[in-house]
Amino acid sequence: MRLLIDDAQIDRIKELYEYYPVDGVTTNPTILAKQGKAPYEALRQIRRFVGEAGQLHVQAVSRQAEGMVREACRIVEELGENTYVKIPSVKEGFKAMRELRRRGILVTATAIYSPMQAFLAAKCGASFAAPYINRIDNMGYDGIGAAKEIHDIFKNNGLETQVLAASFKNSMQVLELCRHGIGAATVAPDVMEGLAKNQAVTTAVEDFIRDFEDLAGAGKDMGTC
Ligand code: E4P
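Just so you know, these numbers come straight off a predicted model, no measurement behind them.

The rules behind each value
Residues take numbers from 1 onward in each chain, read along the sequence in its written order. Totals for whole chains, interfaces and linings use all residues, but because this is a predicted model, local features are given only for residues with pLDDT of at least 70 and pairs of side-chain atoms are given and counted only at 80 or more. With hydrogens and water set aside, each side-chain value is computed from the structure's full complement of heavy atoms. Criterion used throughout: strands pair if DSSP finds at least two bridges between them. Each helix is a run of H or I in the DSSP string that is no shorter than four residues. Each strand is a run of E no shorter than two, and both are numbered from the N terminus. Between N-to-C directions, angles span 0 to 180 degrees; the directions come from axes that are lines fitted to C-alpha atoms, helices contributing only their stretch in contact. The contact definition used throughout considers only heavy atoms, calling two residues in contact when any of these lie within 4.5 Å. Burial status follows relative accessibility: with a 1.4 Å probe on protein chains alone, a residue under 20% of its type maximum counts as buried, one over 50% as exposed, and anything between as partly exposed. When charges are counted, Lys and Arg contribute as positive and Asp and Glu as negative, whereas His and the chain ends are disregarded. By salt bridge we mean one thing: a side-chain nitrogen of Lys or Arg within 4 Å of a carboxyl oxygen of Asp or Glu. We call two N or O atoms a polar contact when they sit within 3.5 Å, provided that within protein one can donate a hydrogen and the other can accept it, with sequence-adjacent residues counted only if both atoms are side-chain atoms. A single heavy atom is enough: if one lies within 4 Å of a molecule or strand, its residue is considered near that molecule or strand. Per-residue accessibility takes into account occlusion by the displayed protein chains alone, with areas from the Shrake-Rupley method and a 1.4 Å probe. Only protein atoms enter the 1 Å grid, on which a cavity is a set of points fitting a 1.4 Å probe that cannot get out and a pocket is an open set with protein on both sides within 12 Å along at least 5 of 7 lines, lining residues being those with an atom within 4 Å of a point. Whether a molecule lies in a cavity or pocket depends on its atoms, and more than half of them have to be within 2 Å of the grid points. These domain boundaries are the output of an automatic or database domain assignment. Our angle categories are set so that under 35 degrees counts as roughly parallel, over 145 as roughly antiparallel, 65 to 115 as roughly perpendicular, and the remainder as oblique. A crossing counts as left-handed when the near helix is turned anticlockwise from the far one by less than a right angle, and as right-handed when that turn is clockwise. Ten residue types, Ala, Val, Leu, Ile, Met, Phe, Trp, Tyr, Cys and Pro, are classed as nonpolar, four, Asp, Glu, Lys and Arg, as charged, and the remainder, Gly among them, as polar.

Q: How do you make sense of the sheet that holds strand 6 (residues 128-131) when you look at a structure like this?
A: Strand pairing in a sheet takes place through backbone hydrogen bonds and is either antiparallel or parallel in direction. Pairing is parallel around the closed barrel formed by eight strands, whose spatial order is 1-2-3-4-5-6-7-8. Across the sheet, the mean angle from the axis of one strand to that of its neighbour is 25 degrees, orientation sign disregarded. Pairing between strand 7 (residues 162-165) and strand 8 (residues 184-187): two bridges, direction parallel. When the sheet's bridge partners are listed, leucine 164 is paired in strand 8 with alanine 184. Of the strands in this sheet, strand 3 (55-59) and strand 4 (83-88) are in contact with helix 4 (residues 65-79), which crosses strand 4 at around 160 degrees. Across the face of the sheet, helix 8 (residues 143-156) comes into contact with strand 5 (107-112), strand 6 and strand 7 while running at roughly 165 degrees to strand 7.

Q: How do you make sense of the side chain of glutamate 71 when you look at a structure like this?
A: Structurally, the position occupied by glutamate 71 is in helix 4. Buried charge without a salt bridge: glutamate 71, with arginine 70 as the nearest opposite-charge side chain at an N-O distance of 5.2 Å. A distance of 2.5 Å separates a polar atom in the side chain of glutamate 71 from a polar atom in the side chain of serine 62.

Q: I keep staring at the site of the ligand and nothing clicks. Help me out?
A: In the vicinity of the ligand, the contacting residues are Asp6, Asn28, Lys86, Thr110, Tyr132, Arg135, Ala166 and Ser167. Arginine 135 places a polar side-chain atom, nitrogen or oxygen, 2.7 Å from an oxygen atom of the ligand. Contact between the ligand and serine 167: an oxygen atom at 2.7 Å from a side-chain N or O atom of the residue. For the ligand, whose accessible area on its own is 350 Å², the fraction buried by protein is 78%. Under a 2 Å grid-point criterion requiring more than half of the atoms, the pocket assigned to the ligand is the largest pocket.

Q: Explanation requested: the domain arrangement of the chain in the structure shown.
A: You'll often see interface size given as the accessible area lost when the parts meet. Domain boundaries assigned for the chain yield domain 1 (2-189) and domain 2 (195-225). The straight-line distance from the C-alpha centre of domain 1 to that of domain 2 is 40 Å.

Q: What am I meant to see in the packing of helix 3 (residues 39-50) against helix 4 here?
A: The description of two packed helices rests on the angle between their axes and on the distance between the axes. Running from N to C, helix 3 and helix 4 point in directions that differ by 45 degrees, and their axes come no closer than 10 Å. Considering their axes alone, helix 3 and helix 4 lie oblique with respect to each other. The two elements helix 3 and helix 4 cross, and the hand of that crossing is right-handed. Between helix 3 and helix 4, the contacting residues are Tyr40, Leu43, Arg44 and Arg47 on the first element and Glu71, Arg74, Ile75, Glu78 and Leu79 on the second. Among the residues forming the contact of helix 3 with helix 4, the class breakdown is four nonpolar, no polar and five charged.

Q: How should the pattern of salt bridges be read in this particular structure?
A: Should the charged atoms of two oppositely charged side chains come close, the side chains can pair. The full count for this structure, using the stated rule, is 12 salt bridges. With its nearest N and O atoms 2.8 Å apart, the salt bridge here joins arginine 74 to glutamate 78. Of this pair, arginine 74 and glutamate 78 both sit in helix 4, four residues apart, which is roughly one turn of the helix. Because the salt bridges share partners, they merge into one network encompassing Arg12, Glu15 and Glu193.

Here it is in structure tokens:
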């Protein structure tokens, strides 16, 4: 499962990249609005940092397919290789996805609240389909169940599209989808930090350090004892 950061704060992205095995960055218009920078200024900064190897997902905001396609061309022109244009999985979006596939532009189908949206997006040529786990839960449905079902629908129908699960509230949800072998998950920085945070682990590590210092002296380690 690929692991991406759902954020646009460059300092947070740099910090998370330093510590965790991150595969890329996803953004949406709300995330960009929080930065208060011009959209392409923030996005170019992220692209420069993640390099061509890092995935960058950027959303189009037009209501009509023609506008989505026009935006997608500008997005890939500005941000280059390995940039996925996020297209909402609505009627106009499906039309845009098919045209973008024809033009060889990579698409992440977004705003997915139901498995059928994901199936249609996959048939339209999207590389990824992004179900919104937390938002589906908040509607009284099962977000994790929907993401698993979408993964199974893709496999059972021979579709190459991968699930890029989004909108998480905790690390258990990420683990559950990791077990199921979904393609990717994008998580906010606080959820990323929570993936392996555990007081029992911290205590165990601190106990080892204390025992070693009792043996070898305060401040000593295996390089200095
Ligand atoms: C991903 O495609 C979405 O833009 C994002 O993950 C939504 O997350 P939220 O529900 O926390 O806003």
